Amino acid sequence: MKTMKGILSAIILLLNTLVMVTVLMVVALFKLIIPITGFRVFVSRILVALAETWIAINSRSFRWIHGDKIQVDALPVLSRDDWYLVVANHQSVTDIPILQSVFNRRIPFLKFFLKQELIWVPFLGLAWWALDFPFMKRYSRETLEKKPHLKGKDMEATRKSCEQFKHFPTSVINFVEGTRFTPAKHDKQNSPYQYLLKPKAGGVGFVLGALGEKMRTLLLVTLAYDPKPPTMWQYLSGDFEKVHVKVEKITIPASLLQKNYMTDAKFKQELFNWLQEIWYKQDSKLSDFYGQSDI
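Residues numbered from 1 in each chain as written. Predicted model: local features only at pLDDT ≥ 70, side-chain atom pairs only at ≥ 80, totals over all residues. Heavy atoms only, no water.

> Please provide a residue-by-residue account of the overall build of the chain, values included.
From N to C terminus, the chain includes 10 helices and eight strands. Burial status across the chain gives 47% buried among its 295 residues. Looking at the chain as shown, the accessible area adds up to about 15,300 Å², and 58% of this sits on carbon and sulfur atoms. (Helix = DSSP H or I, 4+ residues; strand = E, 2+ residues; numbered from the N terminus. Buried < 20%, exposed > 50% of the residue type's maximum accessible area, 1.4 Å probe, protein only. Areas by Shrake-Rupley, 256 points an atom, 1.4 Å probe, with all protein chains shown as cover.)

> Outline the layout of surface pockets, supporting the account with residue identities and numerical values.
Estimates place the volume of the second largest pocket at around 310 Å³. Examining the composition of the lining of the second largest pocket, we find that four residues originate from one element, helix H2 (residues 37-66), more than from any other. The class makeup of the residues in the lining of the second largest pocket is seven nonpolar, five polar and three charged. (1 Å grid on protein atoms, 1.4 Å probe; cavity = no way out; pocket = protein on both sides within 12 Å on 5 of 7 lines; lining within 4 Å. Points joined across faces, edges and corners; volume = space filled by probe spheres on them. Nonpolar A, V, L, I, M, F, W, Y, C, P; charged D, E, K, R; others polar.)

> Could you give an account of the sheet that holds strand S6 (residues 171-174), with specific residues and numbers?
Strand order in the open sheet made by the six strands is S1-S8-S7-S2-S6-S3, with mixed pairing throughout. A strand with exactly one partner marks an edge of an open sheet, and here the two such strands are strand S1 (70-72) and strand S3 (110-112). Across this sheet, the average inter-strand angle for adjacent strands is 30°, counted without regard to direction. With three bridges joining them, S3 and S6 adopt parallel strand pairing. Each residue of the ladder has a partner; that of Leu-110, found in S6, is Ser-171. (Pairing = 2+ DSSP bridges. Axes fitted to C-alpha atoms, helices over the stretch in contact; angles between N-to-C directions.)

> Could you give an account of the packing of aromatic side chains, naming the residues involved and the relevant values?
Enumeration according to the criterion identifies seven aromatic pairs in this entry. Taking 4.9 Å as the distance between ring centres and 85° as the angle between the ring planes, the aromatic pair formed by Phe-112 and Phe-133 counts as edge-to-face. A residue pair is termed long-range when its members are at least 10 positions apart, and Phe-112 in strand S3 and Phe-133 in the loop between helix H4 (124-130) and strand S5 (135-136) qualify at 21 residues. Both residues of the pair, Phe-112 and Phe-133, belong to the buried class. Each ring, one from Phe-289 and one from Tyr-290, has its centre 5.2 Å from the other, and the planes form 75°; the classification is edge-to-face. Since its relative accessible area comes to 14%, Phe-289 is described here as buried. (Phe/Tyr/Trp six-rings, centres within 6.5 Å; stacked < 30°, edge-to-face > 60°.)

> Give me the lowdown on a positive patch on the surface, citing residues and values where you can.
Residues Arg-60, Arg-63, Arg-105 and Arg-106 make up a contiguous surface patch of positive charge. Within the element layout of this structure, Arg-105 appears in the loop between helix H3 (95-103) and S3. (Patch = residues over 30% accessible without salt bridge, like charges linked within 9 Å, V, L, I, M, F, W, Y side chains within 5 Å. Salt bridge = Lys/Arg side-chain N within 4 Å of Asp/Glu carboxyl O. Lys, Arg positive; Asp, Glu negative; His and termini not counted. Charge placed at Lys NZ, Arg CZ, Asp CG, Glu CD.)

> I'd love a proper account of H2, names of residues and values included.
Here H2 spans 43 Å end to end across 30 residues, near enough to the 44 Å set by a 1.5 Å rise per residue. Taken from the residues just after H2, Gly-67 is the one with a positive phi, measuring 80°. (Expected span 1.5 Å × (residues − 1).)

> Pulling in residues and values, what's your account of the nonpolar core?
Counting 46 residues, the largest nonpolar core has Leu-47, Val-86, Ile-98, Leu-99, Phe-103, Val-221 and Val-245 as the members making the most contacts within it. Broken down by secondary-structure element, the contributors of at least two residues to this core are helix H1 (2-33), H2, strand S2 (84-88), H3, S3, H4, strand S7 (217-226) and strand S8 (242-251). Apart from the residues within four sequence positions on either side, Val-221 is in contact with Val-86, Val-87, Ala-88, Asn-89, Leu-99, Phe-103, Val-245, Lys-246, Val-247 and Gln-282. Formed by 35 residues, the second largest nonpolar core is a distinct cluster that contains Val-176, Phe-206, Leu-257 and Leu-286. (Core = buried A, V, L, I, M, F, W, Y, C linked by side-chain atoms within 4.5 Å. Contact = heavy atoms within 4.5 Å.)

> An account of a nonpolar patch on the surface is requested, with residue identities and associated values reported.
On the surface, Met-4, Ile-7, Ile-11, Leu-14, Leu-15, Leu-18 and Trp-233 cluster together into a nonpolar patch covering about 710 Å² of accessible area. Among the elements that take part in the nonpolar patch, H1 stands out by supplying six residues, more than any other. Tracing the chain through its elements places Leu-14 in helix H1.

> Requested: an account of the pattern of salt bridges, with residues and values cited.
Two side chains with opposite charge may pair up if their charged atoms get near one another. A full pass over the atoms with the stated rule returns six salt bridges. With a shortest N-O distance of 2.7 Å, Glu-52 and Arg-80 are connected by a salt bridge. In this pair, Glu-52 is assigned in helix H2 and Arg-80 in the loop between S1 and S2, connecting sequence segments 28 residues apart. With its nearest N and O atoms 3.7 Å apart, the salt bridge here joins Lys-246 to Asp-73. Taken as a pair, Lys-246 in strand S8 and Asp-73 in the loop between S1 and S2 lie far apart in primary sequence, 173 residues in all. On the basis of relative accessible area, Lys-246 is assigned to the partly exposed category, the value being 35%. Using a relative accessible area of 26% as the deciding quantity, one classes Asp-73 as partly exposed. Connected via shared salt-bridge partners are Glu-248, Lys-281 and Lys-285.

Purely geometric stuff here, so don't read any function into it on its own.
Written out as structure tokens, the structure is:
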């Protein structure tokens, strides 16, 4: 039965993606060929509406096939007219569709950082560009040694990509651990947290630096899977008991807004200390959940 449900879920996801991405590509072409800021902002709103429809269909089909496996605590007051920085622990590739399901049409469309190379992925690269996803360009140590003038250029490009979010309300999600949690990674890092990897402040720093005058609220999302994080196929098949989602609304301190993460050492340290406090709180929430469960 789970295999049949997984096949059905995959078929719906594939058909929904083919139809919506095709429509999105047609609209995106207008944004690509007409480089007028006001027009591009207008088209971006249409593209976001299409993306939100894609998410809504995916979420409703999942609930129809598998029931309420995504259990969400009472949400704080949210608005589609505000800017949000969303920070969550990262355990599975399924974190993203779950977060999309929880927040779709409750807050502005979620956007997350992508590697620069992904812009060349057929169809999806153009779709991500059209939806204003921020692309991060990284230079290797060897490249910087040969071309020192490139130092800082990658971070500057990331900051500029965030500035386009000023035009209308946006939510940016950042997995501050930088990678999915595994016991092996946890041990290798010698992480001080029980259920988390060490946080990285760079992504948060650039978002706050570029959007600090607008982005005043952080949504701390705790994701706890029962019995363990599923693979994408297990998610499509409903082969897990549940995922528990808790959202806390936190006001970002004014001292952390509109600072330069690259040049302001004091800000960098203050931001890391604040993020570390939040991460200890996150670890405590996960400890409470797993301590009460049968995992």
